[in-house]
Amino acid sequence: MRIDVITVLPELLESPLSHSIMKRAQSKGLLQVHTHNLRQWAVNEYGQVDDYQYGGGAGMVMMCEPLANAIEHLQKERKYDEIIYLTPDGNTLNQKTANQLSLLENILLICGHYKGIDERIREHYITREISIGDYVLSGGELAAAVLVDAIGRLLPGVLNDETSALTDSFQDNLLSPPVYTRPADFKGWKVPDILLSGDLKKIDEWRHEQALQRTEQRRPDLLDREL
Ligand code: ADE
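Starting from 1, residues in each chain are numbered consecutively following that chain's sequence as written. In keeping with the model being predicted, local features are shown solely for residues with a pLDDT of at least 70 and side-chain atom pairs are shown and tallied solely at 80 or more, while totals for entire chains, interfaces and linings include all residues. Water and hydrogen atoms play no part in the side-chain values, which are based on all heavy atoms of the structure.

**Considerations on the overall build of the chain**
So, step 1. Only DSSP runs of H or I reaching four residues or more are called helices, and only runs of E reaching two or more are called strands; each is numbered from the N terminus. Scanning the chain from terminus to terminus reveals eight helices and nine strands.
So, step 2. In terms of its C-alpha atoms, the chain occupies a principal-axis envelope of roughly 70 × 40 × 35 Å.
So, step 3. Here, residues are in contact when the closest pair of their heavy atoms is within 4.5 Å. Contacts in the chain between residues far apart in sequence, at least 24 positions, make up 76% of those at least 6 positions apart.
So, step 4. Taken as a whole, the chain presents about 13500 Å² of accessible surface, with 50% of it coming from carbon and sulfur.
So, step 5. For the chain, the distance from the average site of its 24 positive side-chain charges to the average site of its 34 negative ones is 7 Å. The method behind every accessible area is Shrake-Rupley, applied with a 1.4 Å probe, and residues are considered shielded solely by the protein chains displayed. Charge counting follows a simple rule: Lys and Arg are positive, Asp and Glu are negative, and His as well as the terminal groups are ignored. Every charge is mapped onto a representative atom, which is NZ of Lys, CZ of Arg, CG of Asp or CD of Glu.

Dropping the structure here:
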């Protein structure tokens, strides 16, 4: 999969995507992430990509021309399955969306700043709008990094144990059960006996029961959700 990102702050994306699992995904050639600095398409020599909003009001708006030129330039190289704008008023990201997006070949992400991007870009180029939660970030870059991570780890071959993404929280609309590691007794706090029993069938049942209980207590809304 290839993900292109248009941003005014490519540096913000570099670190989160150059370690651990995202690093492995890219070095194995399973994921390619290319950032493009929007200022390459600035309207003047000062690197301007934003302007005052029509109708007045505080805050700048990212202009049509640089964004349209950047998107059209990249579209000449390849066809994008989705052009996604990261924005707090988009659809909230969840595991189902991450699963769907992980099946695509080419995705283009647009990171907004200031008051956001000119509405005409949203109308004419953007195919999907995604929020990572009901709070406002200073820009779309950290949201883009979250999205790339959520998608990238699902690509076949990225995780060592291919089943491990399947047992993540949310994959069955269930939160994960509790997990434990050595020692079996820490300050008198014991690991549940069942996990030491070696009975894999019973352990699976226990884990499923714990996942259900945890979901009922913490996120009952998930249990009514379509898979
Ligand atoms: N840009 C600013 N806040 C955001 C959010 N919550 N999700 C996605 N993009 C954003």
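Next, the rest of the story.
**Side note on helix α7 (residues 200-218)**
So, step 1. Here the expected span of a helix is defined as 1.5 Å times the quantity of residues minus one. Taking 1.5 Å as the rise per residue, α7 with 19 residues should run 27 Å; its terminal C-alpha atoms sit 26 Å apart, in good agreement.
So, step 2. Residue exposure (1.4 Å probe, protein chains only): buried if accessible area is under 20% of the type maximum, exposed if over 50%, otherwise partly exposed. Of all the residues in α7, the buried ones are I203, W206, A211 and T215. Taken around the axis of α7, the buried residues stretch over an arc of 165 degrees, which confines them to a single face. Across α7 from its buried face, at more than 90 degrees, point the exposed residues K201 and Q217.
So, step 3. Considering only its buried residues, α7 is in contact with α8 (220-223). In this description, one arc is meant: the one made by directions from the helix axis to the C-beta atoms.

**Let's talk about the pattern of salt bridges**
So, step 1. Should a side-chain nitrogen of Lys or Arg be within 4 Å of a carboxyl oxygen of Asp or Glu, the pair is scored as a salt bridge. A full pass over the atoms with the stated rule returns 11 salt bridges.
So, step 2. Across the pair K190 and D185 runs a salt bridge whose closest N-O atoms are separated by 3.9 Å.
So, step 3. Where D199 meets K202, a salt bridge forms, and the shortest distance between an N and an O atom there is 3.8 Å.
So, step 4. Classification of K202 by relative accessible area gives partly exposed; the value is 46%.
So, step 5. Among the ionic contacts, a cluster of salt bridges with common partners joins D89, R122 and E129.

**Looking at the site of the ligand**
So, step 1. Here a residue is considered near a molecule or strand provided that any single heavy atom belonging to it is located within 4 Å of it. Residues in contact with the ligand, as listed here, are L86, T87, P88, I130, S131, I132, G133, Y135, V136, L137, G139 and A143.
So, step 2. T87 has a polar backbone atom sitting 3.2 Å from a nitrogen atom of the ligand.
So, step 3. Contacts to the ligand include G133, whose backbone N or O atom sits 3.1 Å from a nitrogen atom.
So, step 4. In the complex, the protein chains occlude 96% of the 260 Å² of accessible area that the ligand would expose alone.
So, step 5. At the level of elements, β5 (82-92) and β7 (128-131) are the ones that each hand at least two residues to the shell around the ligand.
So, step 6. When residues of the shell around the ligand are assigned to their parent elements, the largest contribution, three residues, is made by β5.
So, step 7. Amino acid classes used here: Ala, Val, Leu, Ile, Met, Phe, Trp, Tyr, Cys and Pro are nonpolar; Asp, Glu, Lys and Arg are charged; the rest, including Gly, are polar. Residue composition of the shell around the ligand, grouped by class: eight nonpolar, four polar and no charged. Two N or O atoms count as a polar contact when they lie within 3.5 Å, although within protein this holds only if one can serve as hydrogen donor and the other as acceptor, and sequence-adjacent residues are included solely when both atoms are side-chain atoms.

**Comments concerning the nonpolar core**
The tendency in soluble globular proteins is for nonpolar side chains to be buried as a group.
So, step 1. Counting 25 residues, the largest nonpolar core has I3, L31, I107, L109, L147 and V148 as the members making the most contacts within it.
So, step 2. When residues of this core are traced back to their parent elements, those giving at least two are β1 (2-7), α2 (20-27), β5, β6 (106-111) and α6 (141-152).
So, step 3. Here the element with the most residues in this core is α6; it accounts for six residues.
So, step 4. In contact with I107, not counting residues within four places along its chain, are M1, R2, I3, D4, Y80, E82, I84, L101 and I151.
So, step 5. As used here, the term nonpolar core means buried Ala, Val, Leu, Ile, Met, Phe, Trp, Tyr and Cys residues forming a set that is joined through side-chain atoms within 4.5 Å. Within the second largest apolar cluster, 20 residues are counted, among which are I6, A68, I117 and Y125.

**As for α6**
So, step 1. Across its 12 residues, α6 extends 16 Å between first and last C-alpha, which sits within 8% of the 16 Å expected from 1.5 Å per residue.
So, step 2. The set of residues buried in α6 consists of E141, A143, A144, A145, L147, V148, I151 and G152.

**A short note on unusual backbone geometry**
Glycine aside, negative phi is the norm for most residues, and most peptide bonds take the trans geometry.
So, step 1. Put simply, R182 and P183 share a cis peptide bond, and its omega is 5 degrees.
So, step 2. Among the secondary structure elements, P183 is positioned in the loop between α6 and β8 (185-186).
So, step 3. With phi around 60 degrees, Y114 is a residue other than glycine that occupies positive phi space.
So, step 4. In this structure, Y114 sits in the loop between β6 and α5 (119-124).
So, step 5. Judged by relative accessible area, Y114 falls into the partly exposed class, the value being 43%.
So, step 6. Residues other than glycine seldom take positive phi values, yet F170 does so here, at roughly 85 degrees.
So, step 7. Relative to the helices and strands, F170 is located in the loop between α6 and β8.

Just distances and angles here, no functional claims.
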